[in-house]
Amino acid sequence: MSNRFRLGGDLNVNRLGFGAMRLPSKDGMGGPARDPEAGRAVLRRAVELGVDHVDTADFYFSAGGVVRANTLIREALHPYPSDLVIATKVGPVIGPDGLSHGAPGDMRGFVEANLDGLGVDRLDLVYLRIGAMTPPHGESLAERFEALAALREEGLIRHLGLSNVDTGHLAQARAIAPVTAVQNHAAQGDEADLLAACEESGIAFVPFFPVGGGRELDDERLAKVAARHRATVPQIGLARLLASSPVALAIPGTGSLSHLEDNMAAAAIVLTDEDLADLS
Ligand SMILES: NC(=O)c1ccc[n+]([C@@H]2O[C@H](COP(=O)([O-])OP(=O)(O)OC[C@H]3O[C@@H](n4cnc5c(N)ncnc54)[C@H](OP(=O)(O)O)[C@@H]3O)[C@@H](O)[C@H]2O)c1
């Protein structure tokens, strides 16, 4: 299975990428700030180690917006390597009262905030992120996705994706514009139909929380295979994800250089048939 994938048919990326949510704060959104220089160092090292797909959002920031993921990415990596793909998400608004969702008319402002934050004229991949932690079955995304499709037609976005969706949402969106990637919760457990739909159409499947989302991946099967490979449990979690499908992309998030090195080393782990049987 190739370790690379063509996002949208034209953006050739390493299937092992990087998620930037943990850089501004350990809890991802709104928590105490992490050291911004450490975050910039992690981003630079990630690119040195072969990351060419970074996942971010304008709403990834520490308490009070003091440290922001997009700013760290721009400061660390701009001018960007020509092959670096930066994917971002729009839809949610993080305010004093918690999470709410933008209306179709808000999409332009969201896209412009990402263009400004990242310092680019066009965004490589923009996911429409809907719902809370599970897909909001039956909720229409049509008007919001149409607004993003219009911004794509305008040249502000190269590719569109969806996050936290079901197969119905995917079909609804695809009737409006091409969908390049789907980003859903890694441990949802009922994603087989969605993954099959992605595989059938060459759409990337990019699970979030690939190494547990801040909770230790507590799984005897992973631990058994990790011991066999003298690897860590998160490494085997990533190797399993990459082995699960040629359209599966991993975006582990970390603010730690040593965790980054560990995560990137997972690409070299070749799972045997015995491993895969033990993990199934
Ligand atoms: N679409 C969505 O709704 C959505 C939601 C959540 C996240 N995301 C995206 O998905 C990316 C990945 O998700 P995530 O960062 O929340 O979860 P994750 O990658 O599963 O886990 C990150 C957490 O695990 C720790 N960690 C990372 N590598 C480790 C290792 N090798 N050993 C031990 N601990 C390790 C990190 O702590 P340290 O920082 O201390 O290493 C951090 O607390 C995010 O960065 C974001 O880009 C999208």
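The text that follows walks through the structure, step by step, so that each part is easy to find.

Cut-offs and rules
- Residues numbered from 1 in each chain as written.
- Predicted model: local features only at pLDDT ≥ 70, side-chain atom pairs only at ≥ 80, totals over all residues.
- Heavy atoms only, no water.
- Helix = DSSP H or I, 4+ residues; strand = E, 2+ residues; numbered from the N terminus.
- Rg over C-alpha atoms; globule rule 2.2 N^0.38 Å.
- Buried < 20%, exposed > 50% of the residue type's maximum accessible area, 1.4 Å probe, protein only.
- Contact = heavy atoms within 4.5 Å.
- Areas by Shrake-Rupley, 256 points an atom, 1.4 Å probe, with all protein chains shown as cover.
- Lys, Arg positive; Asp, Glu negative; His and termini not counted.
- Charge placed at Lys NZ, Arg CZ, Asp CG, Glu CD.
- Pairing = 2+ DSSP bridges.
- Phe/Tyr/Trp six-rings, centres within 6.5 Å; stacked < 30°, edge-to-face > 60°.
- Near = heavy atom within 4 Å.
- Polar contact = N/O pair within 3.5 Å; in protein donor to acceptor, adjacent residues only side chain to side chain.
- Nonpolar A, V, L, I, M, F, W, Y, C, P; charged D, E, K, R; others polar.
- Core = buried A, V, L, I, M, F, W, Y, C linked by side-chain atoms within 4.5 Å.
- Axes fitted to C-alpha atoms, helices over the stretch in contact; angles between N-to-C directions.
- Parallel < 35°, antiparallel > 145°, perpendicular 65-115°, else oblique.
- Left-handed = near helix turned anticlockwise from the far one by under 90°.
- Salt bridge = Lys/Arg side-chain N within 4 Å of Asp/Glu carboxyl O.

This paragraph deals with the overall build of the protein. A count of helical and extended segments in the protein gives 10 helices and 11 strands. Taken against the 2.2 N^0.38 rule, which gives 19 Å for 280 residues, the C-alpha radius of gyration of the protein at 18 Å falls within 12% of a compact globule. Taken along the three principal axes of its C-alpha coordinates, the protein extends 55 × 40 × 40 Å. Split into buried and exposed, the 280 residues of the protein put 51% on the buried side. Contacts spanning at least 24 positions in sequence make up 70% of the contacts within the protein whose residues lie at least 6 apart. As displayed, the protein offers around 12300 Å² of accessible surface, 51% of which is attributable to carbon and sulfur atoms. Put simply, the protein has 25 plus and 37 minus side-chain charges, and the middle of one group is 4 Å from the middle of the other.

Let's shift gears to the sheet that holds strand S9 (residues 157-163). Neighbouring strands of a sheet are bound in pairs by backbone hydrogen bonds; such pairs are parallel or else antiparallel. Taking strand neighbours across the sheet as the criterion, the seven strands line up as S3-S4-S5-S8-S9-S10-S11 in an open arrangement whose pairing is parallel. At either margin of the open sheet sits one strand with a lone partner, and together these are strand S3 (18-19) and strand S11 (204-205). By the bridge criterion, four bridges tie strand S5 (residues 85-90) to strand S8 (residues 123-129) in an arrangement that is parallel. What sits directly across from Lys89, in S8, is Tyr127.

Another aspect to go through is the packing of aromatic side chains. Summed over the entire model, instances satisfying the criterion amount to two aromatic pairs. Aromatic side chains Phe59 and Tyr60 sit 5.4 Å apart centroid to centroid with 85° between the ring planes, which places their arrangement in the edge-to-face category. On the accessibility criterion, Phe59 (10% relative accessible area) is buried. When the centroid spacing of 5.0 Å and the interplanar angle of 85° are considered together, the rings of Phe208 and Phe209 count as edge-to-face. Judged by its relative accessible area of 25%, Phe209 is partly exposed.

Once that is clear, we can look at unusual backbone geometry. For residues that are not glycine, phi is negative in most cases, and the peptide bond is trans in most cases. Geometrically, the link from His78 to Pro79 is a cis peptide bond, its omega value of 0° lying close to zero. Relative to the assigned elements, Pro79 resides in the loop between helix H2 (69-77) and S5. Positive phi outside glycine occurs at Phe209, with the angle close to 60°. Among the secondary structure elements, Phe209 is positioned in the loop between S11 and helix H7 (220-229).

Turning our attention to the site of the ligand. Near the ligand there are 28 residues, and of these Lys26, Asp55, Val211, Thr254 and His259 occur at the shortest range. Contacts to the ligand include Met21, whose backbone N or O atom sits 3.1 Å from an oxygen atom. Val211 places a main-chain nitrogen or oxygen 2.7 Å from an oxygen atom of the ligand. When the free accessible area of the ligand is taken as 890 Å², the share hidden by the protein chains comes to 91%. Looking at the shell around the ligand residue by residue, the class counts come to 10 nonpolar, 12 polar and six charged.

Membership of the largest hydrophobic core comes to 77 residues, with the highest contact counts inside it found for Leu7, Phe18, Ile73, Phe145, Leu148, Leu162 and Val182. If we skip the residues at most four places from it in the chain, Leu162 touches Tyr127, Leu128, Leu141, Phe145, His169, Leu170, Ala173, Val179, Ala181, Val182 and Gln183. Grouped together as the second largest cluster of nonpolar side chains are nine residues, Ala226, Ile236, Ala239 and Leu279 included.

Another point: the side chain of Lys89. Relative to the elements of secondary structure, Lys89 occurs in strand S5. A distance of 2.7 Å separates polar atoms of two side chains, one belonging to Lys89 and the other to Tyr60. When neighbours within four sequence positions are excluded, Lys89 is seen to be in contact with Asp55, Thr56, Ala57, Asp58, Phe59, Tyr60, Asn114, Tyr127, Arg129 and Gln183.

A few words on the packing of helix H3 (residues 107-118) against helix H4 (residues 142-153). Between H3 and H4, whose axes approach to 9 Å, the crossing angle comes to 50°. As summarised for this structure, H3 and H4 are arranged oblique, according to the angle between their axes. Regarding H3 and H4, the two cross each other, and that crossing is right-handed. Residues Met107, Arg108 and Val111 of H3 touch H4, and the partners they reach there are Arg144, Ala147, Leu148 and Leu151. Its residues placed into classes, the contact of H3 with H4 shows five nonpolar, no polar and two charged.

Before going further, it helps to examine the environment of Ile157. Tracing the backbone through its elements, the reader meets Ile157 in strand S9. Sequence separation of Ile157 and Asp124 is 33 residues, and the distance between their C-alpha atoms is 6.1 Å.

In this section: the pattern of salt bridges. One pass over the full model with this rule turns up 17 salt bridges. Between Arg108 and Glu154 there is a salt bridge, with the nearest N and O atoms lying 2.6 Å from each other. Of this pair, Arg108 sits in helix H3 while Glu154 sits in the loop between H4 and S9; the two residues are 46 residues apart in sequence, bridging distant segments of the chain. Look at Arg108 and you get partly exposed, because its relative accessible area is 36%.

By themselves these figures say nothing about function.
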